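Remarks on the overall topology
Okay, here's what each chain looks like letter by letter:
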Amino acid sequence: MPTGSAQAQVKSVAQYIEQVRALANRADVKAANDYIDRNHESIMREWIAITEINAPSGQEHQRAKYLESLLRKYHLDDIHYDSVGNLVAVRKGTGGGPVIVFDAHMDTVFQPGLQIKATVRDGRIYAPGIGDDTRNIEALLATLRALNEAKIKTKGDLVFVFTVEEETTFRGVKNYVKENKGKIDQYIALDGGYEGFTYAGIGINWYRHHFIGPGGHTRSQTPPYSASLPLARAIERIYQLKVPMRPSSNLNIGMLGGSEVVNAKASDAWFTIDLRSTSNEVIADLEKQIQIILNEEAARVGMKVKTEVISSAPAAVIPGHRESYLVRMAEAVHRVMGFEPPITNAGSNNSSAALLAGISSISTGAGPCDGAHSLAENCEIEPLYKGIKKVMLLEVALAGVE
Ligand SMILES: [Zn+2]
């Protein structure tokens, strides 16, 4: 296991800071940074051009083709689509280094056919998808050009993966990780973020609980009651449960339903729970307590409980990962770039799939944006250039240079 062997020689953050600072002072790394500074205008134009190709989950093809046409100019060692449509580009190292994957997702949450036209105003770009996740796609492309321009050869391989279906099922990353497990040393998901990064993923579990009773007319003998009664009692009790803040956890009952008409008792009353935690133990414990409440309230009125799991994703946690090589090195890179990085464990993006496969992974991003998943989405322009430099420094620090 690459992660395990790296773990054995993990140095302190201070030592990595020294290492990264030396790296940042190399003439070739400075030349790569200069390239980014000389090309603000063209980076911004390309960022907008990619954003204006809408790419709803499952319909990333047109955007992928455009990215492919750009990548073809960069003298890469391999460019291909995998079996689910992820676009993969490999910049081989000189040898003897690790394999580092950087990803950004191509898909957006916006409906097919939406015409996207970016506007630039007050130092910001406004366009749906400009941030999530196009800013990070553009960051990867810009770092590739900068590395080439400065003739930087890394020791390890840099693999750039532009994934499909992050916003829906994570099908892209799941497939990539499954097909390449054992060949990846570190996995960096670029999604959201700017100043800080995440090193673990939050577990997200959605359920629909039903109380099933006999139903009946309003004027039928009562009891039996409408199934809405145990539902109300259960919801009240579930909200009394202690949901810890540490580890970070949340519980929300957002949807409910009962009879379709006013003059009938509900024979099927249901509600949803959105249960999240960075700890799988907390999730398991709350699930158990909720089940007890449901069973007690059903028994009290002679009804049955039926539970559907709408979707379920465990917390993505590697024990000791906070103190791993990758996390400390990433912290060092952020600090050398002048950030005071928030380092958190509640990510919800492609990096979870890598972590669940046992691959050391973080998620971060290249610029500050607002309003993700809304038509009012916008990003600050100026910080992106610093964010691109950060991503490049991370690439070079992790893959190593001669
Ligand atoms: Zn995203």
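Data block above holds the structure.
Some details on the environment of alanine 64
If you trace the backbone, alanine 64 turns up in helix α5 (residues 61-71). The class of alanine 64 is buried, set by a relative accessible area of 2%. For alanine 64 and glutamate 149, which are 85 residues apart along the polypeptide, the C-alpha to C-alpha distance reads 24 Å. Not counting residues up to four positions away in its chain, the partners in contact with alanine 64 are Tyr81, Leu87 and Met106.

With respect to the coordination of the zinc ion
Distances from the zinc ion to its protein donors, His105 (NE2), Asp132 (OD), Asp191 (OD) and Asp191 (OD), fall within 1.9 to 2.7 Å. Here the zinc ion binds four donor atoms, and the angle range of 51 to 147 degrees at the metal identifies the geometry as irregular. In the primary structure, the donors to the zinc ion are separated according to the pattern H-x26-D-x58-D. With histidine 105 in strand β3 (residues 99-105) and aspartate 132 in the loop between β5 (124-126) and α6 (134-149), this pair connects stretches of sequence that are 27 residues apart.

Observations concerning the environment of asparagine 180
Position of asparagine 180 relative to the elements: it lies in helix α7 (residues 171-180). When the C-alpha positions of asparagine 180 and lysine 117 are compared, they lie 37 Å apart, and in sequence the two are 63 residues distant. Among the polar contacts listed, one links the side chain of asparagine 180 to the backbone oxygen of tyrosine 176, at a separation of 2.8 Å.

A word on the sheet that holds strand β18 (residues 369-370)
The strands that make up a sheet pair up through hydrogen bonds in the backbone, lying either parallel or antiparallel. In space, the four strands of this open sheet follow the order β4-β5-β19-β18, with antiparallel pairing throughout. Every other strand in the sheet has two partners, leaving β4 (119-121) and β18 as the edge strands with one partner each. The pairing of β5 with strand β19 (residues 378-380) spans three bridges and is classified as antiparallel. Paired with tyrosine 126 across the bridge in β19 is asparagine 378.

Thoughts on the state of the cysteines
Counted according to the given criterion, the structure contains one disulfide. Sulfur-sulfur distance for the disulfide between cysteine 369 and cysteine 379 comes to 2.1 Å. Disulfide cysteine 369-cysteine 379: torsion about the S-S bond near 100 degrees, hence right-handed. A residue pair is termed long-range when its members are at least 10 positions apart, and cysteine 369 in strand β18 and cysteine 379 in strand β19 qualify at ten residues. On the basis of relative accessibility, which here comes to 23%, the residue cysteine 369 falls in the partly exposed class. By relative accessible area, cysteine 379 is classed as buried at 0%.

Points about α6
In this model, α6 (16 residues) spans 22 Å end to end at C-alpha, consistent with the 22 Å of a helix rising 1.5 Å per residue. With 14 of its 16 residues buried, α6 lies for the most part within the structure. Note on α6: the residue one or two positions beyond its end, lysine 151, has a positive phi of about 55 degrees.

Some words on the packing of helix α3 (residues 27-38) against α6
Where α3 contacts α6, the axes come no closer than 8 Å and their chain directions differ by 125 degrees. In terms of orientation, α3 lies oblique with respect to α6. For α3 against α6, the interelement crossing comes out right-handed. Residue-level inspection shows Ala32, Tyr35, Ile36 and Arg38 of α3 in contact with α6, the latter providing Ala142, Arg145, Ala146 and Glu149. Of the residues contributing to the contact of α3 with α6, the split by class is five nonpolar, no polar and three charged.

A look at the pairing of strand β9 (residues 203-212)
Buried residues dominate β9, accounting for seven of its ten residues. Here ten bridges tie β9 to strand β14 (residues 268-277), and the two strands are oriented antiparallel to one another. Looking at β14, one finds that phenylalanine 211 is bridged to alanine 269. Across nine bridges, β9 lies against strand β15 (residues 304-313) in antiparallel orientation. For arginine 208, the partnering residue across the bridge sits in β15 and is glutamate 308.

Here's the deal with unusual backbone geometry
Cis geometry marks the peptide bond from threonine 222 to proline 223; its omega dihedral reads -5 degrees. Mapped onto the elements of the fold, proline 223 is located in the loop between β10 (216-217) and α8 (228-238). Residue arginine 246 is joined to proline 247 through a cis peptide bond whose omega torsion reads -5 degrees. Not every positive phi belongs to a glycine, and phenylalanine 170 is a case in point at roughly 60 degrees. Secondary-structure assignment places phenylalanine 170 in the loop between β6 (157-163) and α7. When its relative accessible area of 25% is taken as the criterion, phenylalanine 170 is described as partly exposed. Unlike most non-glycine residues, histidine 373 shows phi in positive territory, near 70 degrees. When you line up the elements, histidine 373 lands in the loop between β18 and β19. A relative accessible area of 44% means that histidine 373 is categorised as partly exposed.

The rules behind the values
- Residues numbered from 1 in each chain as written.
- Predicted model: local features only at pLDDT ≥ 70, side-chain atom pairs only at ≥ 80, totals over all residues.
- Heavy atoms only, no water.
- Helix = DSSP H or I, 4+ residues; strand = E, 2+ residues; numbered from the N terminus.
- Buried < 20%, exposed > 50% of the residue type's maximum accessible area, 1.4 Å probe, protein only.
- Contact = heavy atoms within 4.5 Å.
- Donors = N, O, S within 2.8 Å, 3.2 Å for Na, K, Ca; no water.
- Tetrahedral: all angles 85-135°; square planar, octahedral: opposite > 155°, others 65-115°.
- Polar contact = N/O pair within 3.5 Å; in protein donor to acceptor, adjacent residues only side chain to side chain.
- Pairing = 2+ DSSP bridges.
- Disulfide = S-S within 2.5 Å.
- Expected span 1.5 Å × (residues − 1).
- Axes fitted to C-alpha atoms, helices over the stretch in contact; angles between N-to-C directions.
- Parallel < 35°, antiparallel > 145°, perpendicular 65-115°, else oblique.
- Left-handed = near helix turned anticlockwise from the far one by under 90°.
- Nonpolar A, V, L, I, M, F, W, Y, C, P; charged D, E, K, R; others polar.

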